[in-house]
Amino acid sequence: MDQMKIGRFIAERRKQCGYTQVQLAEKLNITDRAVSKWETGRSMPDSALMPALCELLHITLNDLFNGEVIEMEDYKKKSEELIIEMAKQKEDADKKLLSLEILIGVLASLVLIGMIALASFVNMPDWLRICLIVAGFVPFIIAMIYAIKIEQTAGYYECAECGHKHVPSFRSVLFAPHVGRTRRMTCPKCHRKSWQKKVLNK
Ligand SMILES: [Zn+2]
């Protein structure tokens, strides 16, 4: 909060509304010294006085704190820009996560295939073959759980019946039959089962 700016703003609005410092002070039941202190940025109006002061100066509390009149249009535009920006950031992050999912899946599959190939074609005792295959499955299973976790949280699933977009629970994603990233799940809104597509924006 810029006290000097607020002070200048109060002085400017007071003059525009046609009050002297004394007149404004009288209307608020305070001394003109107090008004002078606000206007020179030496003190802020008491919070109990703020609503009455704003009413006299035809401004909002928001204007008072900002030290300027905030146009409603600007206000709306600024908050809309912020929301769009935030949605875009999430979309980009989700996109990266989903690419990471593919990479994790490919790497884990390669490890598994490598271990199985090794166990199948290289001469070794049977216990070692079994150990190799098990060792190949461990990173594979961990990677799959991680990948499903990414798929569950990145973006949304869109119900094919009603178009509702939602983030399902890990459990329902894990047990849902799927083709690629499209999964057959129950919609939390219309409670119908459908093949739900992965979408990035809400
Ligand atoms: Zn639905």
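Anyway, here's the lowdown on the structure attached to this text. (Residues numbered from 1 in each chain as written. Predicted model: local features only at pLDDT ≥ 70, side-chain atom pairs only at ≥ 80, totals over all residues.)

Brief notes about the pairing of strand S5 (residues 193–199)
Put simply, the test is: Strand pairing is defined by DSSP finding a minimum of two bridges between the two strands. Only DSSP runs of H or I covering at least 4 residues are called helices, and only runs of E covering at least 2 are called strands; the numbering of each starts at the N terminus.
Summarising the sheet, strand S1 (residues 156–158) and S5 pair through three bridges and their orientation is antiparallel. Counterpart to Glu158 in the pairing with S5 is Lys197. The sheet contact formed by strand S4 (residues 182–186) and S5 spans four bridges and is antiparallel. If you follow Met185 over to S5, its bridge partner there is Ser194. Counting the residues between successive antiparallel strands, the hairpin from S4 to S5 contains six residues, one of them, His191, with a positive phi of roughly 60 degrees.

Remarks on the nonpolar core
Operational definition: Throughout this description, the term nonpolar core refers to a group of buried Ala, Val, Leu, Ile, Met, Phe, Trp, Tyr and Cys residues whose C-beta atoms join them within 7 Å. Between the buried cut of 20 or more and the exposed cut of 12 or fewer other C-beta atoms within 10 Å of a residue's own C-beta lies the partly exposed class, and all C-beta atoms are placed from the backbone. A residue pair is marked as a contact if its C-beta atoms, positioned from the backbone, fall within 7 Å.
Ile6, Phe9, Ile10, Leu24, Val35, Trp38, Leu53, Leu57 and Leu64 together form the largest nonpolar core, which totals nine residues. The set of elements that each furnish at least two residues to this core consists of helix H1 (3–16), helix H3 (32–39) and helix H4 (50–57). Residue contributions to this core peak at three residues, all from H1. The residues contacting Ile6, other than those within four sequence positions of it, are Met1, Met44, Leu64 and Gly67.

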